Amino acid sequence: MIEFKNVSKRFGTTVALDQVNFKFEQGKITGLFGPNGAGKSTSIKMIAGLNRADSGEVTVDGKAPRISRANIAYLPEIDHLYPWMTIKQAARFTSTFYADWDEAKYNELLNFLNLHPKMKIGKISKGQRAKTKLLLTVSRRAPYLLMDEPLSGIDILTREDIIDAIIKDYREGEQTIIISTHEIAEVERLVDEVVFLDNGRVKLSGSAEELRAERGQSLVETMKEAFRYVNQ
Amino acid sequence: MAYDSSRPIFRQIIDDFQKQLVRGELKQGDKIPSQREYAEKARINPNTVQRAYREMETMHMVETLRGKGTYITVSEQMLADIKFNLAQKILDYFIREMESLGYDYARMIKLLHSEQDQRRVENQDD
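For clarity, every value in this text was computed on a predicted model and none was experimentally measured. (Residues numbered from 1 in each chain as written. Chains lettered and ligands numbered in written order. Predicted model: local features only at pLDDT ≥ 70, side-chain atom pairs only at ≥ 80, totals over all residues.)

The next subject is the overall build of chain B. Counting its secondary structure elements, chain B contains five helices and three strands. When its helices and strands are written in sequence order, chain B yields α-β-α-α-β-β-α-α. The C-alpha atoms of chain B give 19 Å as radius of gyration, which overshoots the globular expectation for 126 residues (14 Å, by more than 25%). C-alpha atoms of chain B, sized along the principal axes, occupy 55 × 30 × 30 Å. Residues classed as buried in chain B amount to 20% of the 126 residues present. (Helix = DSSP H or I, 4+ residues; strand = E, 2+ residues; numbered from the N terminus. Rg over C-alpha atoms; globule rule 2.2 N^0.38 Å. Buried ≥ 20, exposed ≤ 12 C-beta atoms within 10 Å, placed from the backbone.)

Now the structure itself:
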């Protein structure tokens, strides 16, 4: 389980997270939603051990994120792959860092995503790069999978490919996935739990199915309503 | 099947199987897709599909045999109940909507009768 206890973070005068408390349950897919600047990336980077809380505490299985790093696969929002590498070289490069690299899974997903090992990262399309990032992240058998905006700026068909690959790869009850996105409609049927962030605070959180049952609304509508309400 | 994002998805999965049963598209002893197949085909979180299947097992609508698959185990009595419940839901919806248009029961019944007559005449013309 991943837990945030009273976590605050500032960048200069900007408050990125303001006394945030939440839990990401084991074996669930959680959607981290909110507009740009809500604190989604900051939260994900903290879990990945890439930045620290100014106050409060983030724990992964009760331990500091840095210690749990081997259990966490992280898909960053930025283009982090070397453009001069081929997909195969990038895979070799990534696999040397992680003991949980699964070559069979890599080959299967490579096929499923219509990618080729000889494709050069600097020369492929944005959609193919997004798929490559996903491929390299989920080819690890990590119990925690963090994805920061895996769908942003990608065409609808590629988004569907990515969502299909996530579902195909997902191990029910075992794997804990956190996906940050503002494309909520795309992941309506993918998430178990949702956390809505706004201005560094949790506006709403809960089970996706329960929110639907209680409100008779989609997650998109629930989010719109939550934000309309706070902005009044 | 198209899912409505404003209602619990696991409920819609169960409803879909129930409708198939009532329409006779699925019957006692038929094998249904594995949870994994269902999740991949419908693009739904495997945990949600698991919840729907578990619920159907608890209702004794289906039975999962280890290593073999999930099979329909619905009895005649249960099928009748399912049909009645589905009809009840449609009826609730009908009544609610008609009442919101200002129809009372007497006028609804009158409307149903005239609709029936109308359709009878149309069928005779065929």
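Next comes the rest of the account.
What follows covers the overall build of chain A. What chain A contains, in helices and strands, is nine helices and nine strands. Since a compact globule built from 232 residues should have a radius of gyration of about 17 Å, the 18 Å found for chain A is in line with a globular shape. Expressed as a percentage of the 232 residues in chain A, the buried residues total 41%.

Grouped together as the largest cluster of nonpolar side chains are 77 residues, with contacts concentrated most on Ile-47, Ile-72 and Leu-146 of chain A. The residues contacting Leu-146 of chain A, other than those within four sequence positions of it, are Ile-44, Ile-47, Ala-48, Ile-72, Ala-73, Tyr-74, Leu-75 and Ile-178 of chain A. (Core = buried A, V, L, I, M, F, W, Y, C linked by C-beta atoms within 7 Å. Contact = placed C-beta atoms within 7 Å.)

What follows is about the sheet that holds strand β9 (residues 201-207) of chain A. Residues and elements named next belong to chain A. The strand order across the open sheet built from six strands is β5-β6-β7-β3-β8-β9, with neighbouring strands paired in mixed fashion. One side of each edge strand has no neighbouring strand; the edge strands of this open sheet are β5 (72-75) and β9. Each neighbouring strand pair of the sheet contributes to a mean axis angle of 15 degrees, computed without reference to strand direction. Note: strand β3 (residues 29-33) against strand β8 (residues 193-198), four bridges, orientation parallel. What sits directly across from Phe-33, in β8, is Phe-196. This element, helix α8 (residues 208-215), spans β8 and β9 of the sheet and lies at about 90 degrees to β9. (Pairing = 2+ DSSP bridges. Axes fitted to C-alpha atoms, helices over the stretch in contact; angles between N-to-C directions.)

Between chain B and chain A, the residue contacts involve 15 residues of the former and 21 residues of the latter. Looking at the side of chain B that touches chain A element by element, the count peaks at three residues for helix α3 (residues 46-58) of chain B. Split into classes, the residues belonging to the side of chain B that touches chain A amount to seven nonpolar, five polar and three charged. (Nonpolar A, V, L, I, M, F, W, Y, C, P; charged D, E, K, R; others polar.)

What follows covers α3 of chain B. Residues and elements named next belong to chain B. Taking 1.5 Å per residue, 13 residues should reach 18 Å; α3 reaches 18 Å between its end C-alpha atoms and fits that length. Taken together, the buried positions of α3 are Pro-46, Asn-47, Thr-48, Val-49, Arg-51, Ala-52, Tyr-53 and Met-56. In the segment just after α3, His-60 is the residue with positive phi, at about 65 degrees. (Expected span 1.5 Å × (residues − 1).)

Our next topic: the confidence of the model for chain B. Per-residue pLDDT for chain B averages 93, and the proportion of residues at 70 or more is 98%. Reported confidence for the predicted complex is 0.84 by ipTM and 0.87 by pTM. (pLDDT = per-residue confidence, 0-100.)

Our next topic: the packing of helix α1 (residues 9-22) of chain B against helix α4 (residues 76-100) of chain B. All names here are of chain B. Relative to each other, α1 and α4 sit at 115 degrees, their axes nearing to 10 Å. Here α1 lies roughly perpendicular to α4, going by the angle between them. Read as a crossing pair, α1 and α4 show a hand that is left-handed. On α4, the residues that touch Gln-18, Lys-19, Leu-21 and Val-22 of α1 are Leu-79, Ile-82, Lys-83 and Leu-86. Its residues placed into classes, the contact of α1 with α4 shows five nonpolar, one polar and two charged. (Parallel < 35°, antiparallel > 145°, perpendicular 65-115°, else oblique. Left-handed = near helix turned anticlockwise from the far one by under 90°.)

What follows concerns the pairing of β8 of chain A. Counted residue by residue, β8 of chain A has five buried out of six residues, so it is predominantly covered. Counting the residues between successive antiparallel strands, the hairpin from β8 of chain A to β9 of chain A contains two residues, one of them, Asn-199 of chain A, with a positive phi of roughly 50 degrees.

Right, let's talk about the sheet that holds strand β1 (residues 31-32) of chain B for a bit. Backbone hydrogen bonds are what pair the strands of a sheet, in a parallel or an antiparallel way. All names here are of chain B. Read across the sheet, three strands follow the order β1-β3-β2 without closing on themselves; strand pairing throughout is antiparallel. The open sheet has two edge strands, β1 and β2 (62-65), and neither has a second partner. Alignment of β1 against strand β3 (residues 69-72), held across two bridges, turns out to be antiparallel. Within the sheet, the bridge partner assigned to Ile-32 lies in β3 and is Thr-70. Along the sheet, α3 makes contact with β2 and β3, crossing β2 at roughly 110 degrees.

This brings us to the environment of Met-147 of chain A. All names here are of chain A. Along the chain, Met-147 turns up in strand β6 (residues 144-148). In this structure Met-147 comes out as buried when scored by C-beta crowding, with 24 C-beta atoms within 10 Å. With residues up to four places along the chain from it excluded, the contact list for Met-147 reads Leu-75 and Ile-179.

Residue and element names in this part refer to chain B. Along the chain, the position of His-60 falls in the loop between α3 and β2. On the basis of neighbour count, His-60 is assigned to the exposed category, with 11 C-beta atoms found within 10 Å. Each C-alpha atom, one on His-60 and one on Ala-2, is 25 Å from the other, the two residues being 58 residues apart in sequence. Those residues in contact with His-60 that lie beyond four places of it in its chain are Thr-73 and Met-78.

Okay, helix α1 (residues 40-47) of chain A next. Residue and element names in this part refer to chain A. Of all eight residues in α1, eight are buried; the element is thus mostly enclosed. Turning to α1, its buried residues number three or more, namely Lys-40, Ser-41, Thr-42, Ser-43, Ile-44, Lys-45, Met-46 and Ile-47. Gly-49 sits one or two positions beyond α1 and adopts a positive phi of about 80 degrees.

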